[in-house]
Amino acid sequence: MTSKYHKGRYYEYKIRDILKRMGWFVARMAKSGPCDLIAIRGNDAIAFEIKKNGPKKVPEKFLRLVESYGMKGIYITIIGNLYYWKPINLDVNLIEEFKLAFGPNVI
């Protein structure tokens, strides 16, 4: 039986691997870190919070992290094979780049 932790980690790794192929340096945070992934490329640093079957609303804890440090962030809820993205402080070019890399399942 697969635990919620293992399911979540699977999707974190999947997203990490796509980001790495896009040229991002990606660090995965420990279980209770402030976010799941931090991706860095050039002058951009983006925090990612990823939830399998989680709420579509951005959690306050993640929103506070991103806003208090003036960071960019993406909250991702995965339901079935659809990825619901909530970008925070991202410019349009980065959003489009991510949509292209992750394919048609990004909403």
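Look a little higher up for the structure.
One structure accompanies this document, and this report is about it. Worth saying up front: this structure is predicted, and the values here are computed from it rather than measured.

### Digging into the environment of Lys61
Phase 1: Counting through the fold element by element, Lys61 comes out in helix H2 (residues 60-68).
Phase 2: Separated by 26 residues in the primary sequence, Lys61 and Cys35 place their C-alpha atoms 9.0 Å from one another.

### A closer look at the packing of aromatic side chains
Phase 1: Per the stated rule, a full pass over the model turns up 6 aromatic pairs.
Phase 2: Centroid distance Phe48 to Phe98: 6.0 Å. Interplanar angle 85°. Geometry classified as edge-to-face. Of this pair, Phe48 sits in strand S3 (residues 44-52) while Phe98 sits in helix H3 (residues 92-102), and the two are 50 residues apart along the sequence. You'll find Phe48 and Phe98 in the same group, each marked buried.
Phase 3: Measuring from centroid to centroid gives 5.0 Å for Trp85 and Phe102, while their planes differ by 70°, and the two rings are edge-to-face. With a gap of 17 residues between them, Trp85 in strand S5 (residues 82-88) and Phe102 in helix H3 connect regions that are remote in the sequence. In this pair, the class of Trp85 matches that of Phe102, namely buried.
Phase 4: Site record: aromatic cluster; members linked through ring pairs are Trp24, Phe48, Trp85, Phe98 and Phe102.
Phase 5: In this structure, Lys56 packs its charged tip against the face of Tyr84, placed 4.1 Å from the ring centre.

### A look at the side chain of Glu12
Phase 1: Of note, Glu12 is situated in helix H1 (residues 4-21).
Phase 2: Residues in contact with Glu12, not counting those within four places in the same chain, are Arg28, Asp36, Leu37 and Ile50.

Cut-offs used in this document
- Residues numbered from 1 in each chain as written.
- Predicted model: local features only at pLDDT ≥ 70, side-chain atom pairs only at ≥ 80, totals over all residues.
- Heavy atoms only, no water.
- Helix = DSSP H or I, 4+ residues; strand = E, 2+ residues; numbered from the N terminus.
- Phe/Tyr/Trp six-rings, centres within 6.5 Å; stacked < 30°, edge-to-face > 60°.
- Buried < 20%, exposed > 50% of the residue type's maximum accessible area, 1.4 Å probe, protein only.
- Lys NZ or Arg CZ within 6 Å of the ring centre and 35° of its normal.
- Contact = heavy atoms within 4.5 Å.

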